[in-house]
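# What the coordinates show
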Number of protein chains: 2
Amino acid sequence: MNILLSHLLTLEAAKSGQNCAASAVDEDGYDLWLRYRPLAEPRRSAVEKAVRAFVLGAASPTMTAAREELERAFFAMLVKCVPVLDDGAICDGAVLAGTPENLPLISALDLPLSDLGKEGYCVSSLTHDGKRVTAIAANTDIGVLYGCFAFLRHIQTGGDPAKVDLAAAPKLDLRLLNHWDNLDGSVERGYAGYSIWDWWTLPDYVNKRYIDYARVNASIGLNGTVLNNVNAAPDILSDFYLEKAAKLADVFRPYGLKVFLSVNFASPSALGELATSDPADPAVKQWWKDKTRDVYRWIPDFGGFLVKANSEGQPGPGDYGRSHAEGANMLADALAPHGGILIWRSFVYASDPGTDRATEALSEFKPLDGTFRNNVLLQVKNGPIDFQPREPVSPSFGQITETPLVMEFQITKEYLGQTAHLAYLGPAFEEVLKFDTHARGPGSTVSRILKGEIFPQKVTGIAAVANIGTDRDWTGGTFNQANWYVFGRMAWDPDETAAAIAEDWVKMTFTDEAGFVRTVVDMMIGSHETLVNYMMPYGLHHQVATSHHYGPGPWVSELDRPEWNPTYYNRADENGIGFNRLANGSNAVAQYSPEVAAKFADPHAFGERYLLWFHHVPWDFPLTCGKTLWEGLAARYDKGVEGVAQMIASWESLRPQVDSQRFEQVRAFLKIQHREAQWWRDACLAYFSATSGRPLPEGHAEPAHTLEYYRSIHFRFAPGDPA
Amino acid sequence: MNILLSHLLTLEAAKSGQNCAASAVDEDGYDLWLRYRPLAEPRRSAVEKAVRAFVLGAASPTMTAAREELERAFFAMLVKCVPVLDDGAICDGAVLAGTPENLPLISALDLPLSDLGKEGYCVSSLTHDGKRVTAIAANTDIGVLYGCFAFLRHIQTGGDPAKVDLAAAPKLDLRLLNHWDNLDGSVERGYAGYSIWDWWTLPDYVNKRYIDYARVNASIGLNGTVLNNVNAAPDILSDFYLEKAAKLADVFRPYGLKVFLSVNFASPSALGELATSDPADPAVKQWWKDKTRDVYRWIPDFGGFLVKANSEGQPGPGDYGRSHAEGANMLADALAPHGGILIWRSFVYASDPGTDRATEALSEFKPLDGTFRNNVLLQVKNGPIDFQPREPVSPSFGQITETPLVMEFQITKEYLGQTAHLAYLGPAFEEVLKFDTHARGPGSTVSRILKGEIFPQKVTGIAAVANIGTDRDWTGGTFNQANWYVFGRMAWDPDETAAAIAEDWVKMTFTDEAGFVRTVVDMMIGSHETLVNYMMPYGLHHQVATSHHYGPGPWVSELDRPEWNPTYYNRADENGIGFNRLANGSNAVAQYSPEVAAKFADPHAFGERYLLWFHHVPWDFPLTCGKTLWEGLAARYDKGVEGVAQMIASWESLRPQVDSQRFEQVRAFLKIQHREAQWWRDACLAYFSATSGRPLPEGHAEPAHTLEYYRSIHFRFAPGDPA
């Protein structure tokens, strides 16, 4: 049964008393948080009173998108067509949307537009000519569209339709999704089906999904998207694909979403057009200049290139004895004439087996700081390793001072349970953004660094690896949608709280009933810590199985490179566990400011969150709680499993308030999560027990299976595995 | 905007006059032909009068499915809940659905149940106790479910709800889909996205799509599905996957859909459990007995195994010097105690470079005919080569007389334009099924052979390679849905006509407006011949590009095996073109009955449809139409391109009657098809012109590009490519 009608009939049923199985509400999640549903009385009348007509600025592709969104939303909420007054005459309940240029009326309202910049908006209830109206105003068409979505969110989250007073402007310039989508349709680390880009029917066929993708991103203020995997096929730069990418850019443009592409550094030679891709070779420089000109011919407002170079087998300037700066600057020079941006990833390691992988990115790029062109941005993962359930912040934030930094988060849960595990990333993002690097004294938070408040940045930005695929609900699970949402909201304002954003998401995704909202927000806020507890407590990291990263593999030690092995990170032996990164160890702490280094050197700092990241300690190491580390570890794993059990109980209590399709999916996923949390706990404790030669602590149940059993578990077809 | 509501509002708008863009009807194709929509008056009242209440047989999983389908359908069509009378009391407009056992009332109606067998049904309007009712009756619950779908189709296609008189039973026992779905989620030769089986969240999570898949198949009478690719990963037989397959079997069971699995012949050794997979080895025999018992422990009503052996690199008994019969019989013996069936594919070739590939399947299996166990069926592709746009029927039909044959059709359009090309396969299936093999005199049609009317068959069956994936509309395009539909209908009754089935499909998929139906049915009926004309006219075959089979490659001649090369099939040179399969050639004609062989030996027989399949003729060969072959070829290619242009014109004329989403997709796909039809024509004529040393015939435009250009076209990421 389809969605809007079943909602409508639920309301009808309340009046007429008729009801049957077939009228049951069911939802497939496709609408995400743009979930406009028929309102029940008295809410419906209140909204209808405040939204009697639309008065819109002169048509443009973006204003048309704004008009369509308002029409679509209120048609669905009021189940009636709200008229658009073309003559511009206003009435009580008129909703005015426009800029001073496209709707002169806006100028007359003297709204605080001067502070809003090129993307900001304000939405206000006010009286004009004795008429009570709502104004959605901005300096630009895209600002108006953002304002429309802000107004809709206000309504969707239960705000008073007659009392609106919203004003906001984004705090970061570039707010990007990175798709790790391959040209063959697979998605690296994707757990939501295929790539949503159907390269084969583009450019002729525009799947409605492309438009909805742009709408959804605009609704949370994202303004750029990198279409293809950073492990980039050179083919993306062929006309065959550029024509297709250009069509997507055309579809996205009205929604303020710019297209970027990942490029393979060896494209000139890989495409067979030159003998080399040496950035010092004039022919190579010229090739990139010409190719970039082609790209801009296809996509006049093209955003720029994203590059993964000399990392995990990708080609790069190092192949020719050139530095990352020489490579990046060559591409930056090709982009500069067109106003394009070059985003270079700092995710490199494996320089030599002796060094601590956690130190390599900064060691590599610190000496280059200040040598990059103006239009180069360095994209840095949030932590020094690789999107682990928990990492200390990357030392690059605070130490790279003369090159604009773009934060790279990962929305897709490569290391966090993938499809099924419920882990709301808001608190994890918040932990990183609010972290004080002390780079310029107290208050030098990562958020302020990204905003350019600590070090001058011409351009600011944030990016995240998307979790989007062809699954009907886009993200392979209802709660995975929240991670796309929270990233967008924090990209717009890195100082928003995970809890406030979660509350909006729950209201828009399910219902604004207070008890329901409180219960689900509590589940979400605790979910990340719960996952850390059953996977990698106390600063443990990279304990995952090989290649697909699905499930535990703390014992893995035979991989070619030392830093690929979980044992490299846990360093567990009969005496103790943990990676000594202090001065007498790898001295990674020295990469942080003295204040931060001193705290990391204290094993008990930060509630022992980073204990085993920075310290190798004996199994009997006394924790703040009084337990030994061995006891504490076992307790944390248990706590994680218990946390999932609590989520299951919470969810079960909500059954009457959720449609069956989404309820059952979440329920089934929590069941998987609970089983796998036990797997994580038992497999890790079985290994650490064997390694330490210690029985499990008092009162702790033996693992369900032997260590050999856990070691024997292998999957050949795990999803998202590039291998 | 969602589907049912927008339909509903279109009706409302007609009354209230209100209307706006947001209320426009839009469709995403997910419902396929089970597209229940609010009815307009006076139709609505007529249906409501005839469907006032349901009286259903005692609940069972299948009867519950029947009840839910009736409730869902009439709720959507009448926009009201039709009550279920539990007390069994009947009233005017009651719809009675059941068997004599689960609804005693049915016995009282003395309906002709005796002819209906285990799966048949009858649906009749009648008067009982002075009440005008509709009876949906059968001998079994599944028969009742099929009857409900028949009743719904009657309503959907505009039948009088008060005058129903339907009775039918399937003419074939096994009606199977073959999924070429890999365990990693990819689909070999799949052009509709990912595999719909999410092995990773099974068995915990039952995606609603699994249930809808079963509903849809039941609605056309399919009763079995092979879940995985015939190029089978041995892993499918591990408990890890069997548990997941068992969950799907549980979901499908109420809908009469049995699960089958493709198995890898080398599983015992490939899974590392035995040193060999030699079918003569007692340990191997025992392994299969044990494994098969496990399978039945997981799936008590498991259908059986499908095997591709010693074909295209797959392992088989030949690897151990055993015959196909020895291999098949070993598996058949393992299945027999459980009532399981072993389906062995006859698709083998490459015995030695000298032989004509077209003859190999029969040469291999004819000597084995009669040596197979009773529960072995031989699955034979419709033609001797491999699902070409047009092939003469496989000689196995008529020559294999003591082994039950299962027809293997291909619904996914591997060689027929893949995603975008509109090619309704009904006429192609019909051409094969109605073909007279003369195996036992005139009238020995393939249809009658399949039904066991020519040679005794204990079990009869038909199968087709599915075109189903995770695309929202299931098949990657609206008209691809029709090929799933027509296969199901012809599997139920191989004697139905493609035209009658197309008419039902159009009415159920779009509208029953007479002019619309006529126009679309005409498009569909002509579409296959149009495709043959622009791809491979006059019996040309296998002229496709390498590996992905996307686009033309008549010049390809360098592949390892001769029979992989298009030049092997076209044999074009300066003198002529075509494959001589007459007595003075490969003598493939000798594999057919004398009557058929004689006709094939006549180049002009069958309207010259098979001319170049059986004959190598000079370029100046005179065709019946008076043209030379070279002129005729050029004319046919043109006719094909022109046919696509006509479909475009027809479709454009229907714009007012189709929702925008489906209209635009079909329009875009036809545009692609038109461009690619020209590509096929120009590339093939450029090659044949160069080969024959002849300019294009008088009045025929030169190809748009040079032959070198066409030869230079390569794709690295074409969909569905197993390479």
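Residues numbered from 1 in each chain as written. Chains lettered and ligands numbered in written order. Predicted model: local features only at pLDDT ≥ 70, side-chain atom pairs only at ≥ 80, totals over all residues. Heavy atoms only, no water.

## Describing unusual backbone geometry
Residue and element names in this part refer to chain A. In this structure, the amide linkage connecting Glu41 to the following residue, Pro42, adopts the cis form with an omega of 0°. Tracing the chain through its elements places Pro42 in the loop between helix H1 (3–16) and helix H2 (43–50). Even without being a glycine, His438 presents a positive backbone phi close to 55°. With respect to the helices and strands, His438 occurs in the loop between helix H13 (426–433) and helix H14 (446–450). Accessibility expressed as a relative area gives 21% for His438, which makes it partly exposed. (Helix = DSSP H or I, 4+ residues; strand = E, 2+ residues; numbered from the N terminus. Buried < 20%, exposed > 50% of the residue type's maximum accessible area, 1.4 Å probe, protein only.)

## Side note on the domain arrangement of chain A
One can read the domain layout of chain A as domain 1 (29–168), domain 2 (175–348 + 365–375 + 404–435 + 460–499) and domain 3 (533–578 + 616–712). Measuring from the centre of the C-alpha atoms in domain 1 of chain A to the corresponding centre in domain 3 of chain A gives 49 Å. (Domains from an automatic or database assignment.)

## Re the packing of aromatic side chains
Given two aromatic rings, one states the distance between the centres and the angle between the planes to describe the pair. Taken as a whole, this structure holds 105 aromatic pairs over all chains when the rule is applied. When the centroid spacing of 5.4 Å and the interplanar angle of 75° are considered together, the rings of Tyr205(A) and Phe669(B) count as edge-to-face. With Tyr205(A) in the loop between strand E6 (174–178) and helix H6 (208–219) and Phe669(B) in helix H22 (residues 660–692), this residue pair bridges two chains. There is no split in this pair, since Tyr205(A) and Phe669(B) are both buried. An aromatic cluster of at least three residues, connected via ring pairs, comprises Tyr30(A), Trp33(A), Trp197(A), Tyr210(A), Tyr213(A), Phe252(A), Trp474(A), Trp484(A) and Tyr485(A). Geometry around Tyr568(A) places Arg571(A) over its ring, the cationic atom sitting 4.8 Å from the centre. (Phe/Tyr/Trp six-rings, centres within 6.5 Å; stacked < 30°, edge-to-face > 60°. Lys NZ or Arg CZ within 6 Å of the ring centre and 35° of its normal.)

## Digging into the sheet that holds strand E11 (residues 376–381) of chain A
Residues and elements named next belong to chain A. One closed barrel holds the eight strands; their spatial order is E6-E7-E8-E9-E10-E11-E12-E13, and the pairing between them is parallel. Across the sheet, the mean angle from the axis of one strand to that of its neighbour is 25°, orientation sign disregarded. The pairing of E6 with strand E7 (residues 224–226) spans three bridges and is classified as parallel. Among the inter-strand pairings, Asn178 is bridged to a residue of E7, identified as Val226. (Pairing = 2+ DSSP bridges. Axes fitted to C-alpha atoms, helices over the stretch in contact; angles between N-to-C directions.)

## So, the pairing of strand E4 (residues 131–137) of chain A
Residue and element names in this part refer to chain A. Of all the seven residues making up E4, five are buried; the element is thus mostly covered by neighbouring parts of the structure. In this sheet, E4 lies alongside strand E2 (residues 94–98) in parallel orientation, the contact comprising four bridges. By the bridge assignment, Val95 is partnered in E4 with Thr134. Pairing of strand E3 (residues 121–128) with E4 involves seven bridges; the strand directions are antiparallel. When the sheet's bridge partners are listed, Leu126 is paired in E4 with Val133. Hairpin geometry of E3 and E4 is characterised by an intervening segment of two residues between the two adjacent antiparallel strands and by a positive phi of about 50° at Asp129.

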